[in-house]
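Here's the letter readout for the chains.
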Amino acid sequence: MVRFKNRYIVVELRTRDANSSLFSLTSQHFRNSIRDAIDDNFGLLGAAKCHQSLNIKFWDPLTKLAIIRIARDHAQILQQTLLFISSINNQEVQFNTIYVGATIKHCEMNCREFINRWLSHTTKNAVNKQVILDYQQKAQGVEEKLGEAMQTM
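Cut-offs used in this document
Residues numbered from 1 in each chain as written. Predicted model: local features only at pLDDT ≥ 70, side-chain atom pairs only at ≥ 80, totals over all residues. Heavy atoms only, no water. Helix = DSSP H or I, 4+ residues; strand = E, 2+ residues; numbered from the N terminus. Rg over C-alpha atoms; globule rule 2.2 N^0.38 Å. Contact = heavy atoms within 4.5 Å. Areas by Shrake-Rupley, 256 points an atom, 1.4 Å probe, with all protein chains shown as cover. Lys, Arg positive; Asp, Glu negative; His and termini not counted. Charge placed at Lys NZ, Arg CZ, Asp CG, Glu CD. Expected span 1.5 Å × (residues − 1). Buried < 20%, exposed > 50% of the residue type's maximum accessible area, 1.4 Å probe, protein only.

Moving on to the overall build of the protein chain. Regarding its fold elements, the protein chain presents four helices and five strands. Secondary structure elements of the protein chain occur, N-terminal to C-terminal, as β-α-β-β-α-β-β-α-α. In terms of overall size, the protein chain behaves like a compact globule, its C-alpha atoms giving a radius of gyration of 16 Å where 153 residues would be expected to give roughly 15 Å. Expressed as lengths along the three principal axes of its C-alpha atoms, the size of the protein chain is roughly 55 × 40 × 20 Å. If you take every contact in the protein chain between residues at least 6 apart in sequence, the share linking residues at least 24 apart comes to 74%. Carbon and sulfur atoms provide 47% of the accessible area of the protein chain, an area that totals close to 9,200 Å². Between the mean site of the 19 positive side-chain charges and the mean site of the 14 negative ones, the protein chain shows a separation of 6 Å.

We now examine helix 3 (residues 104-123). Across its 20 residues, helix 3 extends 28 Å between first and last C-alpha, which sits within 8% of the 28 Å expected from 1.5 Å per residue. Turning to helix 3, its buried residues number three or more, namely Cys 107, Glu 108, Asn 110, Cys 111, Phe 114, Ile 115, Trp 118, Leu 119 and Thr 123. Considering only its buried residues, helix 3 is in contact with strand 1 (6-15), strand 3 (65-71), strand 5 (91-101) and helix 4 (129-151).

This part takes up the environment of Leu 78. Residue position: Leu 78 is located in helix 2 (residues 75-84). It is 29 Å that separates the C-alpha atoms of Leu 78 and Gly 141, two residues lying 63 residues apart in sequence. In contact with Leu 78, other than residues within four places in its own chain, are Ile 9, Ile 34, Leu 54, Ile 68 and Ile 70.

So, about unusual backbone geometry. One non-glycine residue, Asn 89, lies in the positive phi region at around 55°. In this fold, Asn 89 is placed in the loop between strand 4 (87-88) and strand 5. You can call Asn 89 partly exposed: its relative accessible area is 45%. Even without being glycine, Asn 90 reaches a positive phi, approximately 60°. With respect to the helices and strands, the residue Asn 90 is situated in the loop between strand 4 and strand 5. Classification of Asn 90 as exposed rests on a relative accessible area of 80%.

Quick look at the structure:
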């Protein structure tokens, strides 16, 4: 029996507009935009290779953080495709790859580090204690959501 070997890619979506409409973006929209970009850039062969194993394991619109799973042999195609995606839902985006690895556990660790950096960056200029507490609660909710996503895998 052959083992199915995966690569997990942790990416951040960067937008020019801080108040972007990516909060309404679902993992389904996200996956469809990646699939369309693979079709455009690599044609039918690239699409046939990647479509079956492409899966969005985690997407959080608040931190704009995602974990994408793909077969190990096709991870380079996905990484190259992410470079060519310039808009999702008519919103200009840019992908920042945070981590590429073979285990979901290491992805979870890197996601938690990213969430902590995001929280410190977001709250460093806050003058109101309530704003800081709100962001801390939101970050805690994102970490709980991440933990639930990791348990279902």
